[in-house]
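Reading the structure
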Amino acid sequence: MQNPLATTPETEARITAKAQELWEADGKPGCGAAAYREAASELIGMESNPDAGQIPVESPVPLDANGEPIEQAWLEENLGNSGGSMDELDDKQEVPFATREEEAKALKDQG
């Protein structure tokens, strides 16, 4: 199997012919056929390797029957305290203190 990225004289000839064809189909604008080389190169690449990009990739996370990702339960721990529950997280301050005095008072009150 030949390298699809390698440029051969045959490939160059096909690209040049396709660029000419695209240029003529566009009504021969003043930019010339050379302006159509990139589009022609992509089209020739697609023609020569039509199955490129069709290899299925397995999902890095498990999927349920509907194809939706199944997230691990421990991910919920990172969401923080949603409130409404009376557990040890309700008493903790989640933002930094405005001053050192507030921090020292809070630490003294805790201990």
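Scope of this entry: the structure provided in the associated data block. Every value quoted in this text rests on a predicted model; they were computed, and no experiment measured them.

What follows deals with the overall build of the protein chain. Counting secondary structure elements, the protein chain contains three helices and zero strands. By sequence separation, contacts in the protein chain at least 24 residues apart represent 26% of the contacts at least 6 residues apart. Of the accessible surface of the protein chain, which amounts to about 9,800 Å², a share of 54% is contributed by carbon and sulfur atoms.

All right, on to the packing of helix H1 (residues 9-25) against helix H2 (residues 37-48) then. Relative to each other, H1 and H2 sit at 120°, their axes nearing to 8 Å. Classified by the angle their axes make, H1 and H2 are oblique. Judged by the twist between their axes, the crossing of H1 over H2 is right-handed. Contact with H1, carried on its side by Thr11, Glu12, Arg14, Ile15, Thr16, Lys18, Ala19 and Leu22, involves Arg37, Ala39, Ala40, Ser41, Leu43, Ile44, Glu47 and Ser48 of H2 and no other residues of that element. Classifying every residue of the contact of H1 with H2 by side-chain character gives seven nonpolar, four polar and five charged.

Time to look at the pattern of salt bridges. Under the definition given, this model contains six salt bridges. For the salt bridge of Glu12 with Arg37, the shortest nitrogen-to-oxygen distance reads 2.6 Å. Of this pair, Glu12 sits in helix H1 while Arg37 sits in helix H2, placing them 25 residues apart in sequence. For Arg37, a relative accessible area of 30% translates into the label partly exposed. Between Glu21 and Lys18 there is a salt bridge whose closest N-O contact spans 3.8 Å. Of this pair, Glu21 and Lys18 both sit in helix H1, three residues apart, which is roughly one turn of the helix.

Bringing the nonpolar core into the picture now. In this structure, Ile15, Ala19, Trp23, Ala33, Tyr36, Ala40 and Ile44 together form the largest nonpolar core, which totals seven residues. Those elements that place two or more of their residues in this core are H1 and H2. With three residues, H1 is the single largest residue contributor to this core. Among residues more than four places away in sequence, those in contact with Trp23 are Lys28, Pro29, Gly32, Ala33 and Tyr36.

The rules behind these values
Residues numbered from 1 in each chain as written. Predicted model: local features only at pLDDT ≥ 70, side-chain atom pairs only at ≥ 80, totals over all residues. Heavy atoms only, no water. Helix = DSSP H or I, 4+ residues; strand = E, 2+ residues; numbered from the N terminus. Contact = heavy atoms within 4.5 Å. Areas by Shrake-Rupley, 256 points an atom, 1.4 Å probe, with all protein chains shown as cover. Axes fitted to C-alpha atoms, helices over the stretch in contact; angles between N-to-C directions. Parallel < 35°, antiparallel > 145°, perpendicular 65-115°, else oblique. Left-handed = near helix turned anticlockwise from the far one by under 90°. Nonpolar A, V, L, I, M, F, W, Y, C, P; charged D, E, K, R; others polar. Salt bridge = Lys/Arg side-chain N within 4 Å of Asp/Glu carboxyl O. Buried < 20%, exposed > 50% of the residue type's maximum accessible area, 1.4 Å probe, protein only. Core = buried A, V, L, I, M, F, W, Y, C linked by side-chain atoms within 4.5 Å.

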